[in-house]
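Here is what each chain is made of, one letter per residue.
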Amino acid sequence: VQLQASGGGWVQAGGSLRVSCAASGRTLSRNAMAWFRQAPGKEREFVAAVSWGGDTTYSGDSVKGRFSISRDYNKNMLFLQMNSLKPEDTAVYYCAARAHGSTSASSQGATYVYWGQGTLVTVSS
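What comes next concerns the included structure.

Thresholds applied
- Residues numbered from 1 in each chain as written.
- Predicted model: local features only at pLDDT ≥ 70, side-chain atom pairs only at ≥ 80, totals over all residues.
- Heavy atoms only, no water.
- Core = buried A, V, L, I, M, F, W, Y, C linked by side-chain atoms within 4.5 Å.
- Buried < 20%, exposed > 50% of the residue type's maximum accessible area, 1.4 Å probe, protein only.
- Helix = DSSP H or I, 4+ residues; strand = E, 2+ residues; numbered from the N terminus.
- Phe/Tyr/Trp six-rings, centres within 6.5 Å; stacked < 30°, edge-to-face > 60°.
- Salt bridge = Lys/Arg side-chain N within 4 Å of Asp/Glu carboxyl O.
- Pairing = 2+ DSSP bridges.
- Axes fitted to C-alpha atoms, helices over the stretch in contact; angles between N-to-C directions.

### Re the nonpolar core
Thinking step 1. If you look at the biggest cluster of nonpolar residues, it comprises 27 residues, and the most contacted ones within it are W35, L80, M82 and Y93.
Thinking step 2. Put simply, the parts of the chain that give this core at least two residues each are β1 (2-6), β3 (17-24), β4 (33-38), β5 (45-50), β7 (67-72), β8 (77-82), β9 (91-98) and β11 (119-124).
Thinking step 3. The next biggest cluster of nonpolar side chains, apart from the first, holds 7 residues, and it includes F36, F46, A96 and Y112.

Dropping the structure here:
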């Protein structure tokens, strides 16, 4: 499975942006997926995760109520809608997928085996 993140860019504080992740190669089969981010000089941070069935989602405390994760099964894609963006949301955003058959959403990066290359989101004050 190859993951390709896109949609990053520059946005002013308070604005919105949606980043996307396209999966290619082997079709995602019962994989939970997630978004993580890493700001310069900081450790990777969990953002949001969704189970294979889409019935369970988790969000990190810093983005709760502002970000939402969703997936399009027909197009094999993952999305992250980001609203009310803040300068501290500036980071490279990575999409990730768990191994085939791992259907539960997880906030632990170590449980994800497929990673995209990242897309940069810059929020100016």
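Still more to cover.
### Things to note about the packing of aromatic side chains
Thinking step 1. Evaluated as defined, the whole model comprises 5 aromatic pairs.
Thinking step 2. For the pair F36 and Y112, a centre-to-centre distance of 5.5 Å together with 75° between the ring planes defines the contact as edge-to-face. On the criterion of sequence distance, the pair formed by F36 in strand β4 and Y112 in strand β10 (residues 112-115) is long-range, its members being 76 residues apart.
Thinking step 3. On the accessibility criterion, F36 (2% relative accessible area) is buried.
Thinking step 4. Grouping aromatic residues by their ring pairs yields a cluster made of F36, F46, Y112 and W115.

### Focus: the pattern of salt bridges
Thinking step 1. Scanning all chains against the criterion turns up 4 salt bridges.
Thinking step 2. Notably, a salt bridge pairs E45 with R37, separated by 2.8 Å at the nearest N-O pair.
Thinking step 3. A relative accessible area of 5% places R37 in the buried class.
Thinking step 4. Residues joined in a network through salt bridges with shared partners are R37, E45, R66 and D89.

### Section: the sheet that holds β1
Thinking step 1. Overall, antiparallel pairing links the 4 strands, which are arranged β1-β3-β8-β7 in an open sheet. The outermost strands of the open sheet, each flanked by one partner alone, are β1 and β7. Taking each pair of neighbouring strands and ignoring which way they run, the sheet shows an average axis angle of 15°.

### Description of unusual backbone geometry
Thinking step 1. For N76, which is not glycine, the phi torsion reads 60° and is therefore positive.
Thinking step 2. Among the structural elements, N76 can be located in the loop between β7 and β8.
Thinking step 3. The residue S84 is not glycine, and still its phi comes out positive at about 50°.
Thinking step 4. Within the secondary structure layout, S84 lies in the loop between β8 and β9.

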